[in-house]
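Reading the structure
In case you want the letters, here they are:
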Amino acid sequence: MARSVWVDREECISCGLCVSLLPEVFRFEGGKSDAYAPTGAPEEKIQECVDGCPVGAIHWKD
Ligand code: SF4
């Protein structure tokens, strides 16, 4: 099964990186990123967002 991610909305600073890199997974909801399609891209693509988020707000679900 594909791994799934979530965004900690308390941590998100709305920089837009994940939303612009992977609009098929992340979108802004109420000004913060939301992983509306948490398995919507290959893991390595999502990992780029996990690594690139400046505040580490994107997390894998166990
Ligand atoms: S990369 Fe991180 S801080 Fe930037 S919008 Fe996405 S979750 Fe928020």
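Preceding this paragraph is the structure being described.
To start, this report covers the structure provided alongside it. (Residues numbered from 1 in each chain as written. Predicted model: local features only at pLDDT ≥ 70, side-chain atom pairs only at ≥ 80, totals over all residues. Heavy atoms only, no water.)

1. A look at the site of the ligand
Val7, Cys12, Ile13, Ser14, Cys15, Gly16, Leu17, Cys18, Ser33, Cys53, Val55 and Ile58 make up every residue found near the ligand. Its residues placed into classes, the shell around the ligand shows nine nonpolar, three polar and no charged. (Near = heavy atom within 4 Å. Nonpolar A, V, L, I, M, F, W, Y, C, P; charged D, E, K, R; others polar.)

2. Re the side chain of Ser33
Within the secondary structure, Ser33 is located in strand β3 (residues 32–35). Residue classification places Ser33 among the buried residues on the basis of a relative accessible area of 1%. Residues within four places of Ser33 in sequence aside, it is in contact with Val7, Arg9, Cys12, Cys18, Val19, Phe26, Arg27 and Phe28. (Helix = DSSP H or I, 4+ residues; strand = E, 2+ residues; numbered from the N terminus. Buried < 20%, exposed > 50% of the residue type's maximum accessible area, 1.4 Å probe, protein only. Contact = heavy atoms within 4.5 Å.)

3. A look at the side chain of Asp8
Within the secondary structure, Asp8 sits in the loop between β1 (5–7) and α1 (17–21). Despite being buried, Asp8 has no salt bridge partner; Lys32 is the closest side chain of opposite charge, sitting 7.7 Å away. Of note is the side chain of Asp8, whose polar atom sits 2.9 Å from the backbone nitrogen of Glu10. Not counting the four nearest positions on each side in its chain, Asp8 is found in contact with Ala57 and His59. (Lys, Arg positive; Asp, Glu negative; His and termini not counted. Salt bridge = Lys/Arg side-chain N within 4 Å of Asp/Glu carboxyl O. Polar contact = N/O pair within 3.5 Å; in protein donor to acceptor, adjacent residues only side chain to side chain.)

4. Quick word on the pattern of salt bridges
A side chain of one charge can pair with a side chain of the opposite charge when the charged atoms of the two come close. Tallied over the entire structure, the rule returns two salt bridges. Salt-bridge contacts for Glu43 lead to Arg3; the nearest nitrogen and oxygen are separated by 3.8 Å. Placement of the pair is Glu43 in helix α2 (residues 43–52) and Arg3 in the segment before β1, with a sequence separation of 40 residues. A residue is classified by how much of its surface remains accessible, and Arg3, at 35% relative accessible area, is partly exposed. Arg27 is the partner of Glu29 in a salt bridge, and the nearest nitrogen-oxygen pair spans 3.4 Å. Assessed through its relative accessible area of 35%, Glu29 is described here as partly exposed. Taking relative accessible area as the criterion, Arg27 reaches 38% and is therefore assigned partly exposed.

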